[in-house]
Amino acid sequence: MEQALREEKALLLSGNQAAAYGAYLSRVQVIAAYPITPQTTIIETLADIMTKADWKHKFINVESEHSAMACCIGASMGGVRAYTATSAQGLALMHELLHWASGARLPIVLVNVNRAMAPGWSIWSDQNDSLSQRDTGWIQLYCESPQEVLDTVIQGFMVAEKVNVPVMVVEDAFILSHTSEVVELPDQAVIDRMLPPRAPAFRLDMEQPAAFGGLLGPEYYQEVRAKLHKAMEEAGRVLVNVDALWQKNFGRSYGIVEPYRCEDADLVLVTSGAISSTSKIVIDQLRRQGRKIGRLKIKLFRPFPFQEIQRLLGDVPKVAIIDRNCSYGHHGIFFQEIKSALYGSKKGDRPKLYGYILGLGGRDVTINTLRQVIDLTSERDEPDPETIWVK
Amino acid sequence: MKKENGRVIFETEDELPITAVSSASTEFNKTGSWKYLEPYYENLTPPCINKCLTGQDIVTQLRLTEEGRFAEAVQVLYQANPFPSITGRVCPHPCEQPCNRKAYGGGITIRAIEHFLGDYAATHHVMPPAASPNGKAIAVIGSGPAGLSAAFFLSLLGYSITVFEALQWIGGLLRTGIPSYRLPKYVVDDEVQKLRDLGVQFEMNKRMGKNLHLSELGNFSATLLAIGRGASMKLGLPAEEHDDVWNGIDLLQKINVGEPLTIGPKVVVIGGGNTAIDCARSLLRLGCEPKIIYRRTKAEMPAFKDEVKQTLEEEIPIDYLIAPMKLIEENGKLIAIECLKTRLGEKDESGRQRPVPIEGSNFSIPCDAVVKALGEKLDGCGLPETLKFDREKIIIENGYRTSHPGIFSCGDCANGEGTVGDAIRHGREASLAIHASLLEMPYAPSLIPTRQGVNPEIAKFKQFNLAYFQKSAPPTLQALQPNERIYGFQEIESGLARNEAMREAARCFKCGTCTMCDNCRVFCPDMAIRPKRDRHSYEINYDYCKGCGVCVEECPRGAIHLRKVDVGN
Amino acid sequence: MIEIRIHGRGGQGAVVASSLLAKAYAYEGFHVQAFPEFGVERRGAPVLSFIRVDEKPIRLRTKVYQPNHIIVLDSALLKFIDVTAGLDPNGIIILNSPLKPGEVKLNGSWIVATVNASEIAAECGIGTATSPIANTAILGAYARAVPLLPLMSVTKAIEETFGGKSRNNLMAVEKAFENTALPSNFVAEALEAYYQIR
């Protein structure tokens, strides 16, 4: 690693810097973004790279996130590779156009830095901003390290352009966005082979004029939407292949879900984002004590990996699900999703599901927090009917 | 997938595109076949242009002025009026009277903009496009506005022009008749210089019948008489030839050319026309105490209304319903004028009520001098006998021809209406008539030479879409106050500044005139409107125009109209 | 794992110091993590930044609660902040101060190293005459007090980060290294052994 660092094949990068380098290595042609804490350093890093590197691109300054996404949609319709990044209220402001981008089947990649929604104002991490966009037709990928952010941005374009569905790459505010680690830069020549220049299925073309996004009557709307749904399902399979290719070329892979010491486990902790990383330490500690505990990280949230969940959790007696979010009036969102995935499972004896909400608004999720979750799960034979809010 | 009547039908899900993208044009659907009314473009005549004495395309001038394209605006002016710096000052501007803007903040001060453009032309030496000489020469007799106008237009047609003037000054009434506070002499000088620059020759002190005879004009292809009306009407009273009884135009000439003069101090000016007003106001500036008497009332006064207003501002008394009866002398000096009061009787041939003297109402007005300003008539002295004329005018036929072959006549002497603007129009039309005659072509005058096919329909205020205009007032014109102006002949009104002129021109509605503002194209829900290739007008694709009338509604200035569609078609 | 906490004020370069230090450790083959205090602060207010160093990949993604090393960029902070909070009893404090270690009033078993980094920064023309920036100079003192990190890796991190503009900073780092005041019982080899074991 230090050799790579000395040769500048690796850099000390924060999650946000990695997100910017991901765009650069993807040879993004149009970027339209509006700064918002904690996403701002993505824009700053892009500007920094632009001044140093020979990068043929257009950066569009906009007056809002709504316009940023509108610009990306326009650019993508024009046939080029478009990228943006935002956070929290900014993502919420894009909402209408998120539907538009997926409905128009545009392979845009968006990095969302997970930040709690206001009020009260919070610049710190939780997942309610991105999970609120669950049904907009965007692929959602949750990362746990700066390296994964960089890799996932590039993988995002590979998947998006294959299935014509936009991709949201998600990283935790500060915990990833502002934390620097040594990040390896994949070789540009290899990336160029894996991600050739975009060949759009259709685009705005003066020579072949057509109307896009026009009226779609009841006789066709449902069928066209069914195509989006099928493309979403296809996206999961494509990501598995892309990830395998990544492993082959760069020796790293993430999986759409990542089980950690789940074999023979009688309790599996389900996590997403940066907590997945810290939780490995807890699992190691408990395994040393002889406790059969594993962890399952969910990277791909949409399309939701039903089969993997059923396969990996179906036989586990107890599953503790950590949600850094809340669907008010229901449970944590990952809890609901996993519960629904397992309900359709063929296994008759479904696992007992324990839901925990914690770490909202950037509250630090420490080793102790996670051990508390495991202890609460271990000591209860039956889950509480209500989700437990862990301090 | 199949096509039915140009429409694409998808039969299976696989055939469908992945998103809403058009597969074929909707042009097969000629929705314009459903139409009760259809729009069409037709420029209406703006009311100002309808009333312009010289026939200027005022709207185009203002469009160019609005954009700061002053030289181009002057060129448009030159097509109808060679002397904007003169008309911008002295024309009564009937164009302003019907301005549609009056109902929305105040009428456009067209005269002030013309004043600005005239001064711009003079200071920037804006010249009309030069013509190549055609080898023919024309004599113009008289250097008043009609003669000078004709000289200008004939030069532009390639003729070589010699203007003969009876006096030693060029300009006719422009120089000798109009006081400097209305028209400074340098303005006339500048315009005369413009004609000299066009190659016009001037010969002064040449009076018809005295030292100028038709026989001397044999080298000219044509002769144009524009000698004006130089003879004053008489009172018909005894002692009218007294030294203290002046002819108005003679008095004005003396004042205007700066000859020494002894008159007054108490002067009674008789008359209600512009000459009377000019005399009284000039006398006031020379230190006299003028008083105007007029046999009818203010309403019947032929003088320009603005002039009358300014006269009253200067506190010159105007007494109405008074008829002079007798000049009273004492020791060879005039001491008073005896008058009768009058009342208005039945209408005379001019349509005005005739003043009827009231028996026994005699009274006298003490005075040191009397100025007769009763109107002017043709001075027939020196006109060749072969020319038909009466005491009013030289008789002309269509095409400004006199009874004498090769001699044409225009301006006040040929029944002009007495204003500078009218004289200029006469000069232009006579020029074209002469040109047509020399080319042996028929002559057809066009009222507005710069507008094709003048529409008899005048654009009305109610035809405009006021959402596109802001209510706004005209600029305040800078003018000397009465107490500042009565001690000298300094010009009363100063023109607009460049930015004021542009702003004022921008206020103009451009009534009934397409300005290519693009509203119709933008609003057309069927995208059936597009600019023609020359970008000076639009065309409508009636295959798709449904006649909804949105373009008509959204045209700010009433240049689009609806007509019934011929259903049989 | 070693956890390091840097105390400074907004504008004193605590965040840059953390990434330089992380880089320097990375050149030595360690896995590193550098991050600022997650918050919003104005210039002049006390701020923190953190570094984690380990031989294994670092999976811990929480705040630092029990640091091994403390770097204090501004000794005036001692008056109103407990810079030793959570500090490992065997920990090291590197303090920007003109005082000798024995003169610094910090009660504990820690090793205290001092350096007048502000004066060195001023001499080397870093920052402005009115407010010298001591964030690079103090890293020289860190390398002196923590033998685990060779000075060469610190200078390399500075060169890689600042490129052509490194000269003054390198001068400052070296000067600070030479002028670091250490406690009289400081035994570099013993410390090195301590961290190798961990």
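Draft legend 1. Representation of the overall build of chain C in the model. Helix and strand content of chain C: 6 helices and 6 strands. Reading chain C from its N terminus to its C terminus gives the helix and strand order β-α-β-β-β-β-β-α-α-α-α-α. Counting every position in chain C, which comprises 198 residues, the buried fraction comes to 55%. Considering only contacts in chain C between residues 6 or more positions apart, those separated by 24 or more positions represent 63%.

Draft legend 2. Just a nonpolar patch on the surface, in detail. Together, Tyr468(B), Val522(B) and Phe523(B) give the surface a local cluster of nonpolar side chains, amounting to about 270 Å² of exposed area. Among the structural elements, Phe523(B) can be located in helix 15 (residues 519-523).

Draft legend 3. Inspection of the side chain of Arg5(C) at higher detail. All names here are of chain C. Tracing the sequence through the fold places Arg 5 in strand 1 (residues 2-9). Engagement of the side chain of Arg 5 in a polar contact is seen with the side chain of His 7, the distance being 3.0 Å. In this structure, Arg 5 is in contact with Leu 48, Ser 49, Phe 50, Pro 67, His 69, Ile 70, Ile 71, Asp 82, Val 83, Thr 84 and Ala 85, ignoring residues within four places of it in sequence.

Draft legend 4. Quick peek at the interface of chain B and chain A. Each partner contributes residues to the interface: chain B has 12 residues there, and chain A has 17 residues. For the chain B face of the interface with chain A, the top three residues by lost area are Glu13(B), Ile18(B) and Ala20(B), together amounting to 48%. Here chain B is connected to chain A by 1 salt bridge. Measuring nitrogen to oxygen at the nearest pair gives 3.2 Å for the salt bridge that ties Glu13(B) to Lys230(A). Remark: the boundary between chain B and chain A carries 7 residue pairs in polar contact (both at pLDDT 80 or more). Its residues assigned to classes, the side of chain B that touches chain A comprises 8 nonpolar, 2 polar and 2 charged.

Draft legend 5. Molecular detail of the side chain of Ser155(B). Residues and elements named next belong to chain B. Residue placement: Ser 155 occurs in helix 6 (residues 145-156). Residue class for Ser 155 comes out buried when judged on its relative accessible area of 9%. One polar contact links the side chain of Ser 155 to the main-chain carbonyl oxygen of Ala 151, over a distance of 2.6 Å.

Draft legend 6. Up close: the interface of chain A and chain C. With 30 residues of chain A in contact, the opposing surface of chain C contributes 25 residues. Across the chain A/chain C interface, buried area totals approximately 2300 Å², and carbon plus sulfur atoms make up 60% of it. Its largest share of buried area at the contact with chain C, chain A owes to Arg6(A), Leu12(A) and Asp364(A), together 23% of the area lost on that side. Linking chain A to chain C there are 2 salt bridges. Two residues, Arg59(C) and Asp284(A), come together in a salt bridge whose shortest N-O distance is 3.5 Å. Counting residues per element, the ones that place at least two in the side of chain A that touches chain C are helix 1 (2-6), strand 8 (180-184) and helix 10 (275-288) of chain A. The leading source of residues in the side of chain A that touches chain C is helix 10 of chain A, at 5 residues. Looking at the side of chain A that touches chain C residue by residue, the classes come out as 15 nonpolar, 7 polar and 8 charged.

Draft legend 7. Inspection of the packing of helix 2 (residues 58-66) of chain B against helix 3 (residues 70-78) of chain B at higher detail. Residues and elements named next belong to chain B. Contact geometry of helix 2 with helix 3 gives a least axis separation of 8 Å together with a crossing angle of 170 degrees. Here helix 2 is positioned roughly antiparallel relative to helix 3, judged by the angle of their axes. Every residue of helix 3 that contacts helix 2 at Thr 60, Gln 61, Leu 64 and Thr 65 is listed here: Phe 70, Glu 72, Ala 73, Val 76 and Leu 77. Among the residues forming the contact of helix 2 with helix 3, the class breakdown is 5 nonpolar, 3 polar and 1 charged.

Draft legend 8. Representation of the pairing of strand 10 (residues 267-271) of chain A within the structure. All names here are of chain A. For strand 10, a buried count of 5 out of 5 residues is recorded, marking the element as mostly surrounded by other parts of the structure. Residues of strand 10 alternate between two faces, with Leu 267, Leu 269 and Thr 271 on one and Val 268 and Val 270 on the opposite face, all of them buried. For strand 10 and strand 13 (residues 318-323), the ladder comprises 4 bridges, and the chain directions are parallel. Bridge pairing links Leu 267 to Lys 318 in strand 13. With helix 10 bridging strand 10 and the parallel strand 11 (residues 293-298), this β-α-β connection has right-handed handedness.

Draft legend 9. Representation of the state of the cysteines. Residues and elements named next belong to chain B. As enumerated under the stated definition, the model contains 0 disulfides over all chains in all. There is no disulfide at Cys 48, and the cysteine sulfur nearest it, in Cys 508, is 6.2 Å away. Here Cys 517 stays free of any disulfide, with the sulfur of Cys 555 as its closest cysteine sulfur at 6.2 Å.

Draft legend 10. Geometry of the packing of aromatic side chains. If you walk through the whole model with that rule in mind, you get 30 aromatic pairs over all chains. An angle of 80 degrees between the planes, with centres 5.8 Å apart, marks the rings of Phe304(A) and Phe306(A) as edge-to-face. Residue Phe304(A) is classed as buried on the basis of its relative accessible area, which comes to 7%. Of the residues examined, Phe306(A) reaches a relative accessible area of 40% and is grouped as partly exposed. Through a chain of ring-to-ring contacts, the aromatic side chains of Tyr142(A), Phe301(A), Phe304(A), Phe306(A) and Phe334(A) assemble into a single cluster. The ring centre of Tyr181(B) lies 3.9 Å from the NZ or CZ of Arg285(B), which sits over that ring. One residue, Arg144(C), lies across the ring of Phe177(C), its end atom 5.6 Å from the ring centre.

Draft legend 11. Seen up close, the sheet that holds strand 5 (residues 160-164) of chain B. Residues and elements named next belong to chain B. One open sheet holds the 5 strands; their spatial order is 6-5-4-7-19, and the pairing between them is parallel. Each of the sheet's edge strands pairs with one partner strand only, and the pair in question is strand 6 (201-203) and strand 19 (407-409). Averaged over all pairs of adjacent strands, the angle between strand axes in this sheet comes to 20 degrees, irrespective of strand direction. Examined bridge by bridge, strand 4 (residues 137-141) and strand 5 share 5 bridges and lie parallel to one another. What sits directly across from Ala 137, in strand 5, is Ser 160.

Draft legend 12. Main features of helix 4 (residues 151-162) of chain C. All names here are of chain C. A rise of 1.5 Å per residue sets the reference length of helix 4, with its 12 residues, at 16 Å; its end C-alpha atoms lie 17 Å apart and thus fit the reference within 8%. Within helix 4, burial applies to Leu 151, Ser 153, Val 154, Thr 155, Lys 156, Ala 157 and Ile 158. Once helix 4 finishes, Gly 163 follows within two positions and takes phi at roughly 55 degrees, a positive value.

Draft legend 13. Broad picture of the sheet that holds strand 3 (residues 58-61) of chain A. Residues and elements named next belong to chain A. Strand order in this open sheet of 7 strands is 3-2-4-5-7-6-12, and the pairing throughout is mixed. With one partner strand each, in any of the chains shown, strand 3 and strand 12 (300-302) form the two edges of the open sheet. Ignoring which end each strand starts from, the neighbouring axes of this sheet average 20 degrees apart. As judged from the 2 bridges shared by strand 2 (residues 30-33) and strand 4 (residues 82-86), these two strands associate in the parallel manner. Counterpart to Ile 31 in the pairing with strand 4 is Tyr 83. In the packing of helix 7 (residues 146-163) onto the sheet, the strands contacted are strand 4, strand 5 (109-114), strand 6 (139-142) and strand 7 (167-172), and the crossing angle to strand 7 comes to about 165 degrees.

Draft legend 14. Examining helix 10 of chain A more closely. Residues and elements named next belong to chain A. Compared with an ideal rise of 1.5 Å per residue, which puts 14 residues at 20 Å, helix 10 spans 20 Å between its outermost C-alpha atoms and is within 8% of the ideal. Of all the 14 residues making up helix 10, 12 are buried; the element is thus mostly covered by neighbouring parts of the structure. Among all positions of helix 10, only Ile 275, Ser 276, Ser 277, Thr 278, Ser 279, Lys 280, Ile 281, Val 282, Ile 283, Asp 284, Leu 286 and Arg 287 are buried. Check the buried side of helix 10 and you find it contacts strand 9 (257-260), strand 10, strand 11, strand 13 and helix 13 (367-378). Just downstream of helix 10, Gly 290 is the residue with a positive phi angle, here 90 degrees.

Draft legend 15. Here's a closer look at unusual backbone geometry. Residues and elements named next belong to chain A. Residue Pro 38 is reached from Thr 37 by a cis peptide bond, and omega for that bond is 5 degrees. Along the chain, the position of Pro 38 falls in the loop between strand 2 and helix 3 (40-52). Of note, the amide linkage connecting Ala 118 to Pro 119 takes the cis form, showing an omega dihedral of -10 degrees. Located in the positive-phi region is Asp 264, a residue other than glycine, with phi close to 55 degrees. Summarising the element assignment, Asp 264 is placed in the loop between strand 9 and strand 10.

Draft legend 16. Spotlight on the pattern of salt bridges. All names here are of chain A. A complete count under the given rule lists 61 salt bridges over all chains for this structure. One salt bridge connects Asp 375 with Arg 291, and the closest N-O pair in it is separated by 3.7 Å. In this pair, Asp 375 is assigned in helix 13 and Arg 291 in the loop between helix 10 and strand 11, connecting sequence segments 84 residues apart. Among the residues examined, Asp 375 registers a relative accessible area of 34% and is labelled partly exposed.

Parameters at a glance
- Residues numbered from 1 in each chain as written.
- Chains lettered and ligands numbered in written order.
- Predicted model: local features only at pLDDT ≥ 70, side-chain atom pairs only at ≥ 80, totals over all residues.
- Heavy atoms only, no water.
- Helix = DSSP H or I, 4+ residues; strand = E, 2+ residues; numbered from the N terminus.
- Buried < 20%, exposed > 50% of the residue type's maximum accessible area, 1.4 Å probe, protein only.
- Contact = heavy atoms within 4.5 Å.
- Patch = residues over 30% accessible without salt bridge, like charges linked within 9 Å, V, L, I, M, F, W, Y side chains within 5 Å.
- Areas by Shrake-Rupley, 256 points an atom, 1.4 Å probe, with all protein chains shown as cover.
- Salt bridge = Lys/Arg side-chain N within 4 Å of Asp/Glu carboxyl O.
- Polar contact = N/O pair within 3.5 Å; in protein donor to acceptor, adjacent residues only side chain to side chain.
- Buried area = accessible area lost by both parts, 1.4 Å probe.
- Nonpolar A, V, L, I, M, F, W, Y, C, P; charged D, E, K, R; others polar.
- Axes fitted to C-alpha atoms, helices over the stretch in contact; angles between N-to-C directions.
- Parallel < 35°, antiparallel > 145°, perpendicular 65-115°, else oblique.
- Pairing = 2+ DSSP bridges.
- Right-handed = clockwise from strand over helix to strand, strands pointing away.
- Disulfide = S-S within 2.5 Å.
- Phe/Tyr/Trp six-rings, centres within 6.5 Å; stacked < 30°, edge-to-face > 60°.
- Lys NZ or Arg CZ within 6 Å of the ring centre and 35° of its normal.
- Expected span 1.5 Å × (residues − 1).

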